[in-house]
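Descriptive structure summary
Residue-level listing of the chains:
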Amino acid sequence: MAVALGLQQLGRQVTVFDEGDRAFRASRGNFGLVWVQGKGAKLTDYARWTRQSADLWPAFAEELREAAGVDVELTQPGGIDIFLSDDEAEAGVKRLQGLSAALDGDYPFEYLGHNALKRLVPEIGPDVVGATYSPMDGHLNPLYMLRALYAAFRRAGGQIDSGGTVQQIEPLGTGFRLQAGGNMIHADKVVLCAGLGNARLAPMVGLDAPVEPLRGQVMVCERIRPFLKFPSVQVRQVGEGAVQIGDSHEDVGFDDASTPRVISQIAHRAVRIYPLLEHVRMVRSWGSLRVMSPDGHPIYDRSVQCPGASLVTCHSGVTLAAAHAKILARWIAEDQQPEFVESFSAKRFDVRQVA
Amino acid sequence: MTGRVQLAVIGAGPAGMAAAVEAANCGASVVLIDEQPAPGGQIYRAITSAARPGKAILGDDYENGAKLTDTLAASTVDHWTATTVWQVTPEREIYMTRDGASHRITADAIVIANGATERPMPFPGWTLPGVMTAGAGQILLKTAGLVPQAGLVLAGSGPLLFLIAAQYLRAGGAIEALVETTPRSNYRTALRHLPGALRTPGYLRKGLGLLAELRKHKVRHVKTATRLQAVGDGRLQALRFSRAGRQHEIACTTLMLHIGVVPNVQITRALNLPHDWDALQRCWRPRRDADGATELDGIFLAGDGAGIGGAVVAELEGRIAGLASARALGTLETGKAEARLAAERSRLAQEMAPRPFLDALYAPSPEFLAPPDDTIVCRCEEVTAGQIRSYVGLGCIGPNQTKSFGRSGMGPCQGRLCGLTVSEIIASETARPMAEVGYYRIRPPIKPVTLGELAALHDDQAAAADRSLENAS
């Protein structure tokens, strides 16, 4: 939706084809972090790209407020990554130090020991060893973001066709013919943003999307008094006071159920971090499937074989939404090659196979 | 408490009690799990309590429950009271809370008999303090003998509405008015089913008896009311409605609503079992065969949770599921099981005879299925019918998408109160059948559970939740 909105705002006439009500939708399981810390340890351009999007977010959120009348509740107070053992802490700090070195020191973070962290977040439990804090991180309400993207897109004149799964894409001399539900549609350009569905669609237009599902489980607890200003990868408190807790990484194929075993582990860890959560009630838990490429980084490609077809797939769709709408859309619409994008071609996986 | 049992029955209403007793009498080890402190379910709630009102008030049908609780007490069934089931897995693990601690058991077979829930009756103002469901009012009567002395209005339709009115009158309560919303056209459609209903005339006789009681007490009985609206400044003060083109208003301080009951499908939905849309009862029914068996091996259904039939039907279905599960467990010989199942099935068919007539007569008025824009439909998250319609305008074609757009169905009630309404609104806005629109995906827990309880269940042996920053969203 971010790419569609960006394209529509550039004056293109965009139609989004959307699947049915119970499709696997990674966007519905999102944790809502706008997160930079620790990402891109293996691909420095991913760190740069992520940070660029996080920097674009305040203006993008403001734009969504005006265009859609929806406040996505973005705050970027900095985020903490909490460690429950010395080993975890050491690995975490080492990773951030490596990133900082690769980015010539332009990577603000600090390590807070138990006592320093307790001054920032008094509610941590005795098992917490420490945390890394980075001012680059923040969070928002991912459901409001989704609604804002839809509403802004519609108000800009975009069309949504919920007629069903796109079964076939056929390249013509100029343009493409799509078969969705029972309908045939012609389009000048096609952008594949189908998440896990891209793996099936990409070869139809000469592209490659080696993405696989990775299940994550998340839970939401009842609303409690605000106690947690700083989001972390494990626990965050949303605007209304509800506490969201995650996340697991399970390679279970196309199964988005939630399981009591994993949920109880997530709860166990959360209560060790913030003991006050012990008496808070879980209202809901769910699983959702992440869209993972072999290295976890996005894939952005334009088809050489079928000009006019391009592909966008990523895992961190909230963090990267601002860059997708503001930068990537321009690349798709106007052939402007932005910085870093060449690092995200699926060709990187071919190279690895050859080597 | 962890461990393994042969049969676990969820719900101690007529279906659950009958299933548990029947299987136990066949030699199976049976655990009966129920939320309430005593057996009976909603229909026979507090049947074993000394403090409850007597037969003269609650009626003969209620007293039937005592026979079931007596056989339960005499059986080997292990009855866990005050225990809340919060998750059931396809592998037949049951997670529950009892005395503030979570427990897990694994059963070789499960009978889900968790009964019905009242159909929501949304209209403008139905969330005002002072408005409650008739079922909640009946609980107050059954458990504490509480009866409002003035300012009570009942509104809606269905046999239970008349029964509750009669019970209140017998208990010495006063009713300002009974405002019936049954559409006039329902009488015509129901007439077709009258001959079938007369095969088992007991239900109709009882209904006519209840109406006669209302007349005897000179209760104001308004028929075919439409466009209901509850009004009041921070609290209920009056019920407004239209009738024959004219506006009416009745002052009241308590308004009890009822438009029938529907299966409580939270557990079967969370299990991802297939559900069929019942166009006559306008509700979802989890799919099962004549023995109550589902698609999932060893999981059976019985009673109103699988389709509305009432207490006697529930009891018969309970027996059938109890016998079928005993057969599946090997504690009842197949030949013997067949003979007994056949007998119960024929009684069941007899008891079901009046259903088409009752279902047609008391089909809910469309104004409560897809209410006006200014009606709150999701009470937990305060989402209105108008907001749902606007999400459809944005491209939502199903209830699971409206969750993402406006949080409807994501509160502590897990969509119990708005699930049907949201799907009906989407179906009418998009002109698609309900079977295609579908229902909320129900996610565990079925009832809220504390993190402390969850954490205590955690198993260090299982793969620890991996924490990789690379994958942070």
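Residues numbered from 1 in each chain as written. Chains lettered and ligands numbered in written order. Predicted model: local features only at pLDDT ≥ 70, side-chain atom pairs only at ≥ 80, totals over all residues. Heavy atoms only, no water.

Observations concerning the overall build of chain B
Defined as follows: What counts as a helix is a DSSP run of H or I of at least four residues, what counts as a strand is a run of E of at least two, and both are numbered from the N terminus. Radius of gyration here uses only the C-alpha atoms, and the compact-globule reference equals 2.2 Å multiplied by the residue count raised to the power 0.38. Working rule for contacts: check all heavy atoms of both residues, and any pair within 4.5 Å makes them a contact. All accessible areas in this document rest on Shrake-Rupley with a 1.4 Å probe, and a residue is counted as covered only by the protein chains that are shown. For this count, His and the chain ends are skipped, Lys and Arg are scored as positive, and Asp and Glu as negative. Taken as the charge location is NZ of Lys, CZ of Arg, CG of Asp or CD of Glu.
When its secondary structure is counted, chain B shows 18 helices and 22 strands. A compact globule built from 473 residues should have a C-alpha radius of gyration of about 23 Å, and chain B, at 23 Å, falls within 12% of that. Oriented by its inertia axes, the alpha-carbon framework of chain B measures out at about 65 × 60 × 40 Å. Pairs at least 24 residues apart make up 67% of the contacts formed inside chain B by residues separated by at least 6 positions. Summing over all exposed atoms, chain B offers an accessible surface of approximately 18,100 Å²; the carbon and sulfur share of this is 53%. Side chains of chain B give 49 positive and 45 negative charges; the mean places of these two sets differ by 8 Å.

A closer look at the overall build of chain A
For clarity, the cut-off: Type-normalised accessible area, obtained with a 1.4 Å probe on protein chains alone, sets the label of each residue: buried when under 20%, exposed when over 50%, and partly exposed for intermediate values.
Each helix and strand counted, chain A has nine helices and 17 strands in total. Dimensions along the principal axes, computed over C-alpha positions, put chain A at roughly 65 × 45 × 40 Å. Across the 355 residues that make up chain A, the buried fraction comes to 59%. In chain A, the share of contacts with a sequence separation of at least 24, taken over all contacts with a separation of at least 6, comes to 73%. About 14,200 Å² of surface is accessible on chain A, with carbon and sulfur atoms providing 50% of the total. The average position of the 36 basic charges and that of the 41 acidic charges among the side chains of chain A differ by 3 Å.

Remarks on helix 7 (residues 260–273) of chain A
Residue and element names in this part refer to chain A. Rules: Multiplying one less than the number of residues by 1.5 Å gives the expected span of a helix.
End to end, helix 7 covers 20 Å across 14 residues, agreeing with the expected 20 Å (1.5 Å per residue, within 8%). Extensive coverage of helix 7 is indicated by the burial of 11 of its 14 residues. Every buried residue of helix 7 is listed here: P260, V262, I263, S264, Q265, I266, A267, R269, A270, V271 and I273.

Notes on the pairing of strand 14 (residues 246–251) of chain B
All names here are of chain B. Filter applied, for reference: When DSSP finds at least two bridges between two strands, those strands are taken to pair.
With six bridges joining them, strand 13 (residues 238–243) and strand 14 adopt antiparallel strand pairing. Note that in strand 14 the partner of L239 across the bridge is I250. The antiparallel pairing of strand 13 with strand 14 creates a hairpin that spans two residues between the two strands, and A244 there sits at a positive phi of about 50 degrees.

Concerning the sheet that holds strand 17 (residues 309–313) of chain A
Picture the strands of a sheet paired through backbone hydrogen bonds; they go either parallel or antiparallel. Residues and elements named next belong to chain A. As a reminder of what qualifies: Each axis is a line fitted through C-alpha atoms, taken for helices only over the stretch in contact, and angles between the N-to-C directions span 0 to 180 degrees.
In spatial order, the strands read 11-17-16; together these three strands make up an open sheet with mixed pairing. Lying at the two open borders of the sheet, with one neighbouring strand each, are strand 11 (190–192) and strand 16 (299–302). Each strand of the sheet is rotated relative to its neighbour by a mean of 15 degrees, with strand direction disregarded. As judged from the four bridges shared by strand 16 and strand 17, these two strands associate in the antiparallel manner.

Describing the nonpolar core
Short version of the rule: Take the buried residues of types Ala, Val, Leu, Ile, Met, Phe, Trp, Tyr and Cys, join any two whose side-chain atoms come within 4.5 Å, and each joined set is a nonpolar core.
Membership of the largest hydrophobic core comes to 81 residues, with the highest contact counts inside it found for W49, W57, F60, L64, V72 and Y300 of chain A. Considering every element that reaches this core, the biggest residue donor is helix 8 (residues 321–334) of chain A, with 10 residues. Counting 58 residues, the second largest nonpolar core, distinct from the first, contains A12, A20, Y44 and L161 of chain B.

What to know about the pairing of strand 18 (residues 283–286) of chain B
Note that strand 17 (residues 275–278) of chain B and strand 18 of chain B share four bridges and pair antiparallel. Bridge pairing in strand 18 of chain B links W277 of chain B to W284 of chain B.

Focus on a positive patch on the surface
Residue and element names in this part refer to chain B. Our working rule: Note that patches include only residues with greater than 30% relative accessible area and no salt bridge, and the join distances are 9 Å for like charges and 5 Å for nonpolar side chains (Val, Leu, Ile, Met, Phe, Trp, Tyr). Note on definitions: salt bridges are taken to be side-chain nitrogens of Lys or Arg within 4 Å of carboxyl oxygens of Asp or Glu.
Together, R184, R215, K223 and R243 make up a positively charged patch on the protein surface. Of note, R215 is situated in helix 8 (residues 202–216). Among the residues examined, R215 registers a relative accessible area of 60% and is labelled exposed.

Quick notes on the interface of chain A and chain B
Convention followed: Throughout, the accessible surface (probe 1.4 Å) given up by two parts as they are put together, summed over both, is called the buried area. Between N or O atoms, a polar contact is any pair within 3.5 Å; within protein, one atom must be a potential hydrogen donor and the other a potential acceptor, and residues adjacent in sequence are included only when both atoms are from side chains. Just so you know the grouping, Ala, Val, Leu, Ile, Met, Phe, Trp, Tyr, Cys and Pro go in nonpolar, Asp, Glu, Lys and Arg go in charged, and all remaining residues, Gly too, go in polar.
With 72 residues of chain A at the interface, the matching set in chain B holds 53 residues. Note on chain A versus chain B: buried area summed over both sides is about 5,300 Å², and carbon and sulfur give 52% of it. Counting across the interface, chain A meets chain B through 12 residue pairs in polar contact (both at pLDDT 80 or more). For the side of chain A that touches chain B, the per-class residue count stands at 29 nonpolar, 20 polar and 23 charged. Summarising the sheet, strand 15 (residues 281–292) of chain A and strand 22 (residues 449–450) of chain B pair through two bridges and their orientation is antiparallel.

Some remarks on the packing of helix 5 (residues 159–170) of chain B against helix 8 of chain B
All names here are of chain B. Our working rule: Between 65 and 115 degrees an angle is taken as roughly perpendicular, under 35 as roughly parallel, over 145 as roughly antiparallel, and anywhere else as oblique. Here a crossing is taken to be left-handed if its near helix is turned anticlockwise relative to the far helix by less than a right angle, and right-handed if that turn runs clockwise.
Running from N to C, helix 5 and helix 8 point in directions that differ by 45 degrees, and their axes come no closer than 9 Å. Between helix 5 and helix 8, the angle falls in the class oblique. For the pair helix 5 and helix 8, the sense of crossing is left-handed. Residues P159, F162, L163, A165, A166, L169 and R170 of helix 5 pack against L210, L211, E213 and L214 of helix 8.

Quick notes on helix 3 (residues 60–74) of chain B
With 15 residues, helix 3 of chain B should cover 21 Å at 1.5 Å per step; its first-to-last C-alpha distance of 22 Å lies within 8% of that length. In this structure, the buried residues of helix 3 of chain B make contact with helix 1 (14–25), strand 2 (30–33), helix 2 (55–58), strand 3 (78–80), helix 4 (134–144) and helix 10 (311–329) of chain B.

Things to note about the pattern of salt bridges
Residue and element names in this part refer to chain B. Counted by the stated rule, this structure contains 36 salt bridges over all chains. Between R285 and D278 there is a salt bridge whose closest N-O contact spans 2.8 Å. The exposure class assigned to R285 is partly exposed, which follows from its relative accessible area of 24%. Exposure remark for D278: the relative accessible area of 13% places this residue in the buried category. For R345, the salt bridge identified is with E338, shortest N-O distance 4.0 Å. Residue classification places R345 among the partly exposed positions, given a relative accessible area of 27%. Look at the salt bridges and you will find they share partners, linking E22, E315, R319, R340 and E344 into a network.

Some points on the domain arrangement of chain A
All names here are of chain A. Under the convention used in this document: What counts as a domain boundary in this text is fixed by an automatic or database domain assignment.
Each assigned domain of chain A is listed here: domain 1 (2–28 + 144–211 + 295–354) and domain 2 (212–292). For domain 1 versus domain 2, the separation of C-alpha centres amounts to 29 Å. Of the residues lining the interface, 13 residues belong to domain 1; the matching set on domain 2 comes to 11 residues. Both faces considered, domain 1 and domain 2 share a buried interface measuring about 1,000 Å² in area, 67% of it formed by carbon and sulfur atoms. If you look at where domain 1 meets domain 2, you find zero salt bridges.

Digging into the packing of aromatic side chains
Within a pair of aromatic rings, the relevant descriptors are the distance that separates the centres and the angle that separates the planes. Residue and element names in this part refer to chain A. Going by this rule: Two rings from Phe, Tyr or Trp (for Trp, the six-membered ring) form a pair when their centres are within 6.5 Å of each other. A pair whose planes differ by under 30 degrees is stacked, one over 60 is edge-to-face, and the rest are tilted.
Within this structure, the stated rule accounts for 16 aromatic pairs over all chains. Ring centres of F83 and Y111 lie 6.5 Å apart, and the angle between their planes is 20 degrees; this geometry places the pair in the stacked category. Residue F83 is located in strand 3 (residues 79–83), and its partner Y111 is located in strand 4 (residues 110–113); the two are separated by 28 residues in the primary sequence. Judged by relative accessible area, which is 0%, F83 ranks as buried.

Digging into unusual backbone geometry
P444 of chain B connects to P445 of chain B through a cis peptide bond whose omega is 0 degrees. Following the sequence through the fold, P445 of chain B ends up in the loop between helix 17 (434–437) and strand 22. Of note, the phi angle at E73 of chain A is positive, near 60 degrees, even though the residue is not glycine. If you trace the backbone, E73 of chain A turns up in the loop between helix 2 (44–68) and strand 3. On the basis of relative accessibility, which here comes to 27%, the residue E73 of chain A falls in the partly exposed class. One non-glycine residue, T224 of chain B, lies in positive phi territory at about 50 degrees. Looking at the secondary structure, you find T224 of chain B in the loop between strand 11 (220–222) and strand 12 (226–231).

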